[in-house]
2 protein chains.
Amino acid sequence: MNITATSPLTRKLSAFVVLSEAELVVLRRLHQRRRTFVAGRDMVHQGQSGQAAYILSAGWVCSYKLQPDGTRQIVDFQVPGDFLGLRSVLLRTSDHSFEPIVDIEAAEVLTSDLLEAFAQTPRLATAILWAASRDEAMVVEHLVGIGRRDAEARMAHFLLELGSRLALVGMGGKEGYDCPLTQYHLADALGLSAVHVNRVLRQLREDGLVTFRDGHVTFHDHGRLVELAGFDPGYLDQIGPLLK
Amino acid sequence: MNITATSPLTRKLSAFVVLSEAELVVLRRLHQRRRTFVAGRDMVHQGQSGQAAYILSAGWVCSYKLQPDGTRQIVDFQVPGDFLGLRSVLLRTSDHSFEPIVDIEAAEVLTSDLLEAFAQTPRLATAILWAASRDEAMVVEHLVGIGRRDAEARMAHFLLELGSRLALVGMGGKEGYDCPLTQYHLADALGLSAVHVNRVLRQLREDGLVTFRDGHVTFHDHGRLVELAGFDPGYLDQIGPLLK
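Residues numbered from 1 in each chain as written. Chains lettered and ligands numbered in written order. Predicted model: local features only at pLDDT ≥ 70, side-chain atom pairs only at ≥ 80, totals over all residues. Heavy atoms only, no water.

The name given to chain A in an unreviewed UniProt entry is CRP-like cAMP-binding protein, with Rhodovulum euryhalinum as the source organism.

What follows is the structure in structure tokens.
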């Protein structure tokens, strides 16, 4: 079986670029250095320099920044098909930390690998820039969420975004998805206390919108949840390839 | 005079890549379609599709998202040398709006221009990816600021970041910089009320740290301000070119 043809990253990039055989070969080469990491131990520390990037192939990771006072802001979660630290390859020092939420599998990508791949296949560079742009659009949404959305809309938006992202790599749909996050992860991502997270989830469940329980998110009324969240998935740009 | 050799974008990208003559030619071509825009009128609307990106050569712009309830979250400000809507070229619909804060000059960049430039000069593609990564790192800092920093540290961090960014394109230094932002811009960017912005600025001034008045930011004690903000400029990655 062709590992890359079915890798989550390939599925994801295919949403943007119809990949040629030559591009698939280069993408396959980027997946060569396979690594595993255990849950709960940082793969990359904030401020670390000279580190590689990773392509996540299985499992979930969170990226976060610690503040001098010890509080943690989770910036985003990474799911299969996402890059970890793509930015750091270019920025030389990592501007945040990465922690696997469960045991994960990832391919290590050295800066030199990436620059060589870009030189060989500019379309692949464009596709990876697309993925990076999409990651940034998500961070912008998280900024808007924390700055401007109330707790319920924030949570609803968050659960819907994850659902769309997972659907792109074949791991979820409008019915729901498996999700290993704890209420502490949600709290640190959404700027809420764990108690508040619990209360908001109960409210959404009692309103017949969504249930998050036992590692699974179940959408009961996807349409009404979208409305509550003001969720417009345009920023995720999943409508089909631009580069044919 | 060679316009591109002295363009703010060239200065900025040179912090990352030592540009060859061939790369400068491609970069010059990206600056061909020069446009002006007047203050206060959106250049790009949230949700607009098929629009160009711009390279800002003079003036300031803000990027923002409007919420359904009409509140506005400013995501970032763009200064000379920054791209406007680089992400939107790839993501097809703009995920936010751009509004000139003063009258500006910008070069229009079509998607086809950009993809052609990438194909011709992969190193330039890498440099632009670097700039996009750096933009994302700034949005991450704004997320952390709103999520985790108190109002004074948030303001201090914001003013220091702008100072570093402007220094990179020769428009500011550790003494200060010209800044056309109003207290309403600061409020919408930092998630504070205009009254609160006013109070925080007064406090910082009375503490002998920084004054923002009459369109100018003056750092009185850059070192102490850095300490107050917990400002670590590593994420701006301005220490000199990686690609020689």
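Here the narrative resumes, following the displayed structure.
K.L.:
Give me the overall build of chain A: which residues, what numbers.
P.N.:
When helices and strands are counted, chain A shows nine helices and 10 strands. Compactness check: chain A gives a C-alpha radius of gyration of 18 Å against a globular reference of 18 Å for 244 residues, within 12% of the reference. Principal-axis analysis of the C-alpha atoms gives chain A an extent of 55 × 40 × 30 Å. Counting over 244 residues, chain A shows a buried share of 60%. (Helix = DSSP H or I, 4+ residues; strand = E, 2+ residues; numbered from the N terminus. Rg over C-alpha atoms; globule rule 2.2 N^0.38 Å. Buried < 20%, exposed > 50% of the residue type's maximum accessible area, 1.4 Å probe, protein only.)

K.L.:
Break down the domain arrangement of chain A for me, with residues and values.
P.N.:
All names here are of chain A. Segmenting chain A into domains produces domain 1 (4–132) and domain 2 (138–236). Taken over C-alpha atoms, the centre of domain 1 sits 23 Å from the centre of domain 2. Summing both partners gives a buried area of about 1,700 Å² for domain 1 against domain 2, and 66% of it is carried by carbon and sulfur. Between the two partners, domain 1 and domain 2, sit three salt bridges. The salt bridge partner of R165 is D82, with a shortest N-O separation of 2.8 Å. (Domains from an automatic or database assignment. Buried area = accessible area lost by both parts, 1.4 Å probe. Salt bridge = Lys/Arg side-chain N within 4 Å of Asp/Glu carboxyl O.)

K.L.:
An account of the sheet that holds strand β1 (residues 33–37) of chain A is requested, with residue identities and associated values reported.
P.N.:
Strand order across the open sheet formed by four strands is β1-β7-β2-β5 (chain A), with antiparallel pairing between neighbours. The open sheet terminates on both sides in strands that have one partner only, identified here as β1 and β5 (83–84) of chain A. (Pairing = 2+ DSSP bridges.)

K.L.:
Tell me about the environment of V17 of chain A, and name the residues and values.
P.N.:
Within the secondary structure, V17 of chain A is located in the loop between α1 (8–13) and α2 (21–30). Placed 190 residues apart in sequence, V17 of chain A and D207 of chain A show a C-alpha to C-alpha distance of 40 Å.

K.L.:
Give a description of unusual backbone geometry that names residues and reports values.
P.N.:
All names here are of chain A. Residue D214 is not a glycine yet carries a positive backbone phi of 50°. Mapping D214 onto the fold places it in the loop between β9 (210–213) and β10 (216–219). Given the relative accessible area of 77%, D214 is considered exposed.

K.L.:
Help me get a handle on the UniProt feature "domain: HTH crp-type" (unreviewed entry) in chain A, residues and values and all.
P.N.:
The residues that UniProt annotates with the feature "domain: HTH crp-type" (unreviewed entry) are residues 149–223 of chain A. Between the C-alpha atoms that bound residues 149–223 of chain A there is a distance of 18 Å. The span itself is 55% helix and 15% strand. (UniProt positions renumbered as here; feature names shortened; annotations may be inferred.)

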